[in-house]
Amino acid sequence: MTEWKWNGSRWWKFDFHAHTPASSDYGKGPNQASLKKREKEEWLLDHMRAGIDCVAITDHNTAAWIDPLKAALERLKRKKTDGFRQLYLFPGMEISVHGGIHLLAIFDPSKSGSDLEALRGAVGYKGAPGESDGVTHKSFAEVVGAIVERGGIAIPAHADKRNGLFTWKGQTLSQALDCDPIFAMEVVNPALQKPQLYNEKNPRWTELLGSDSHHPSGSPGQRYPGSHFTWVKMGVPNIEGLRLALLDGSLSARRSDQESGDPNDHAPLALESMEISRARFLGRSEKFSLGLNPWLNAVIGGRGTGKSTGVEFLRIALRRGDELPPELESDFEKYGRVYSNREDTGLLTEESSIRVIYRKNGDRFRVQWNDSGDLEPIEQESGGEWRPAEGDIRQRFPVRIYSQKQIFQLAKTPLALLGVVDDAPEVNLRSWSEKWDAEQARFLSLRARAREMETGLADEPRFLGELDDVKRKLAVFEEAGHADVLQLFQKRSRQKRTVEAWEESWNAAGDQLRKIASEIVPDHLDKTDFDPDSAEDSGLLCLAAEALSRLEEIRKALEALSSQANEAISRWLTKKVESSWMRGVNASEKAYEDLREKLAGEGAGAPDAYGELVQRRQAVERRLRELEGRRKQVSELKTQADESLRRLLKIRRERTESRRKFLDHVLGENRHIRIEVAPYGSGETAKEEFRRLIQREGGGFEKDVDSLLGKLHANVDGPEDIEKNLADIKDRVRAIISGRSDSNSLFKDQRFAAHIRKLPPEAMDRLELWFPEDSLHVRYSATGDGRGFRSIQQGSPGQKTAALLAFLLSYGEEPLILDQPEDDLDNRLIYDLIVNRLREVKRHRQVIVVTHNANIVVNGDAELVVALSVKGGETRVESQGGLQEKIVRHAVCAVMEGGRKAFEDRYRRIALEDRHV
């Protein structure tokens, strides 16, 4: 949390009545002797620790401690003593006036003890200093006159207690109540019944509370520093600011027993300052800096002094330019444009930059903008340094900026006003949009998946027809006896193929043996290279002849085996043909051939197609089962999509309801304006939205579109009827897409139906999601008394502006910036509407008003007034501060319309200024 020493007025914790050991009754009790010896520094620290900001030193008829306390305060400040905090000392005295009444005399901190001693001598006090038993020689009115003559404020002390003014009666009290210089009194118990004479005269004295402390501490119910005090609103604590604050009454002075908490607490969102560098007329030669106040800031000045320029530069820095209605965009364009020559209306230079310090929950952020875009958009202060920060400026740093022209345009276009309503945190559009977008995405996904799965279902009729054909053919096969013939034929055929394959494996055995026999005996050994006379060669040749003879014997044996093999084959073939098995094979083939001829005659196909048909039937049935599963999935997806659509309708109703609740809450007691939500009532945008959905934004088919949408708001008593009409419109579009026969009669131009049929399926999904925007019915009271409400469209520009201002000032905690809201308003509306609302609004949100009307500034009790002027072709701050400062009051009277009159109306500020300032 960074302490904010803001510009202008703030609330100061003021103890109007405090005693020191200089009063003889200080510390009265068993410890009085030691308490009377307390040091000045200890007395000051008692008030500092209690959080007191200002204290009036009001000892009984003495000023003995005033100067010593001032000196002690300087010593504490120099030494930076632990517990030290700034404390403003107002020299004063509790004077015992002739007749026994106590009167507080309070003076500016610049006064000294000698000034108070001189006052005591001037009023002829006869008693001892510090005592309260003596009284003045002069009367009550004369003492008051002497105080005021010397620049002080006279305040009857504890008027409702002993030695208080209300102990007087009759003519004595009457004369005191007629004492004009009195405008405040100390009252211990504000609930106590005041004298009848006071009620009759009703002097409207501001009621104050002081501690009247005579001890440094005490238990609850006792009086000590910080136990009883008054919050006083001033700029800088001085007698001038104090006087005007007390003249304001409860607006600037609040008793501690009637104020819970610290009135300095302010909205967590506030603009701390703005700085403009190197703009054309702002900050050209040196930076234009403006520190702001957390409550009501009033920017004043003559025409052409740059007041509105500052507002528009704020709009640029805080990225709010797109909030302007189209009618004002051209006017705004010059504020963000670099001028090129003297005739160019642009208000920036290439070096221009805008910086705004935004306080958010105690943290400081710097929002920056320049034309080149090289400044960090967001920086956060950390450890005394600025570091880049992330986020969206509009989302992180909310602010409301309205010019009078902008407000007037809002009054003319309820839909633009609807956007303002949706921006309210109570409506919570962001959360609603997240919920809507998530459910919308779910619906569109479900519809897309259903369509994707439906694509395969188009083949189902074909599969059903094929299955019917297969079943019919199989039925012929599976008639009585046919199946047995087919099964036996297939069995014998398999056996026959097996036997034939077996035969093939050995029926060439005889030939193979004969071939081997012919090849097994080689030619005779060539004897050319052998010597017959050689024993060795002769021996080898004998062995060769022997081998050849043996092989010859084997050849003869193989030829005999070949004959045997051929005989075995022949015998096998003869026996097979004569076997009962072969007769069975022949019978099955004959039965099969007879069956084939019969099937061919009935168109069922060849008998060997049975197996294929069985397999095909199984394949088709499997595919149909898959399609049935897909059909169920499609049905489930459509059911889920329908449920999603119902949820979307519920979510859409929630949006209307949140708008309605918000408007009822903020305008429930408003006497100037009524705003009602008309569900789906925006006929002006319904056609545009519908055309976008049917992809015909460019126009065309006017009669059919008008005819279709004309039913939306026809014969309706409530939103349910509109929902039914909307459902009927969507059903008619579905009828066109589906090609229902009755759809052709719905439209005059068949090209419209043809266009609709060409739309992609996603377009119908989007149409299902369409719910026309709500509308607002804005009514205002011309008299501002909560009666006679009528449509705002019937009002004058001033009445329209007044009504919308009443709404804009009714809600929100983000900073509110108003540029000349009083234009088009008469003084009664300004006072009844703007001034009264500003007094309430500024308690919980920061308001910055650019204005020419002094009623807003003075009667709205601005905490900061900034007067602008033009010098050397540049906007300058002429003066700034709270209304309690004379230089500010003079600026208001000098430059504002109705300046002095406003002061005269404002709690006697001008009427009493000649006598009290």
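Refer to the preceding data block for the structure.
Residues numbered from 1 in each chain as written. Predicted model: local features only at pLDDT ≥ 70, side-chain atom pairs only at ≥ 80, totals over all residues. Heavy atoms only, no water.

A separate point is the overall build of the protein chain. Assigned secondary structure in the protein chain consists of 31 helices and 24 strands. Here the C-alpha coordinates of the protein chain stretch approximately 185 × 95 × 70 Å along the principal axes. Burial analysis of the protein chain (917 residues in total) assigns 49% to the buried set. Partitioning the intrachain contacts of the protein chain with sequence separation of at least 6 by distance along the chain shows that 71% fall at a separation of at least 24. Within the structure as shown, the protein chain displays about 43900 Å² of accessible surface, and the carbon and sulfur contribution to it stands at 48%. (Helix = DSSP H or I, 4+ residues; strand = E, 2+ residues; numbered from the N terminus. Buried < 20%, exposed > 50% of the residue type's maximum accessible area, 1.4 Å probe, protein only. Contact = heavy atoms within 4.5 Å. Areas by Shrake-Rupley, 256 points an atom, 1.4 Å probe, with all protein chains shown as cover.)

Interhelical geometry of helix α14 (residues 429-457) versus helix α25 (residues 761-768) gives an angle of 145° and a closest axis separation of 10 Å. Helix-helix and strand crossings are classified by hand; for α14 and α25 the assignment is right-handed. Mapping the contact onto sequence places Q440, F443, L444, R447 and R451 in α14 and P761, E762, D765, R766 and E768 in α25. Grouping the amino acids of the contact of α14 with α25 by side-chain chemistry returns three nonpolar, one polar and six charged. (Axes fitted to C-alpha atoms, helices over the stretch in contact; angles between N-to-C directions. Left-handed = near helix turned anticlockwise from the far one by under 90°. Nonpolar A, V, L, I, M, F, W, Y, C, P; charged D, E, K, R; others polar.)

Moving on: the nonpolar core. In terms of nonpolar packing, the biggest core is built from 57 residues, with W43, L44, L119, F140, I147 and L165 touching the most fellow members. With near-sequence residues (within four places) excluded, I147 lies in contact with I95, L103, L104, A105, F107, L119, G152, I153 and A154. Counting 56 residues, the second-largest nonpolar core is a separate cluster that includes A411, Y780, L818 and I834. (Core = buried A, V, L, I, M, F, W, Y, C linked by side-chain atoms within 4.5 Å.)

Turning our eyes to something else, we now look at empty space enclosed by the protein. Counting across every chain of the model gives five cavities of 30 Å³ or more. As for the largest cavity, its lining consists of 14 residues, and the residues nearest its centre are M274, L290, V299, G310 and V311. A total of four residues in the lining of the largest cavity trace back to one element, the largest contributor, which is helix α9 (residues 307-317). In terms of residue class, the lining of the largest cavity is built from 11 nonpolar, two polar and one charged. (1 Å grid on protein atoms, 1.4 Å probe; cavity = no way out; pocket = protein on both sides within 12 Å on 5 of 7 lines; lining within 4 Å. Points joined across faces, edges and corners; volume = space filled by probe spheres on them.)

Empty space within the largest pocket amounts to approximately 780 Å³. Considering the residues around the largest pocket, the lining is formed by 30 residues, among which E3, W4, K5, W6 and R10 are closest to the centre. When residues of the lining of the largest pocket are assigned to their parent elements, the largest contribution, four residues, is made by strand β1 (residues 10-18). Classifying every residue of the lining of the largest pocket gives 12 nonpolar, nine polar and nine charged. Residue contributions to the lining of the largest pocket reach at least three from each of two domains, namely domain 1 (11-255) and domain 2 (269-424 + 798-884). (Domains from an automatic or database assignment.)

Right, let's talk about α14 for a bit. For α14, built from 29 residues, the straight-helix expectation of 42 Å at 1.5 Å per residue is met to within 8% by its first-to-last C-alpha distance of 42 Å. Listing the buried residues of α14 in full gives W432, W436, E439, Q440, F443, L444, L446, R447, A450, M453, G456 and L457. (Expected span 1.5 Å × (residues − 1).)

The final tally for this structure, using the stated rule, is 63 salt bridges. Where K201 meets D178, a salt bridge forms, and the shortest distance between an N and an O atom there is 3.0 Å. Of this pair, K201 sits in helix α7 (residues 196-201) while D178 sits in the loop between α6 (170-177) and β6 (184-186); the two residues are 23 residues apart in sequence, bridging distant segments of the chain. You can call D178 partly exposed: its relative accessible area is 44%. Residue R691 is joined to E702 by a salt bridge in which the shortest nitrogen-to-oxygen separation is 3.1 Å. Placement of the pair is R691 in helix α21 (residues 683-693) and E702 in helix α22 (residues 702-709), with a sequence separation of 11 residues. Among the charged side chains, a salt-bridge network with shared partners connects R447, R451, D731, R734, E762, D765 and E768. (Salt bridge = Lys/Arg side-chain N within 4 Å of Asp/Glu carboxyl O.)

Taken as a whole, this structure holds 23 aromatic pairs when the rule is applied. Geometrically, the ring pair formed by W502 and W506 is edge-to-face, given 5.2 Å between the ring centres and 65° between the ring planes. One end of the pair is W502 and the other is W506, both in helix α16 (residues 482-506) and four residues apart, which spans about a single turn. Judged by relative accessible area, W502 falls into the partly exposed class, the value being 45%. An aromatic cluster is present here, built from W432, W436, Y680 and F771 joined pairwise through their rings. Sitting above the plane of the W432 ring, R655 keeps its charged end 4.5 Å from the centroid. (Phe/Tyr/Trp six-rings, centres within 6.5 Å; stacked < 30°, edge-to-face > 60°. Lys NZ or Arg CZ within 6 Å of the ring centre and 35° of its normal.)

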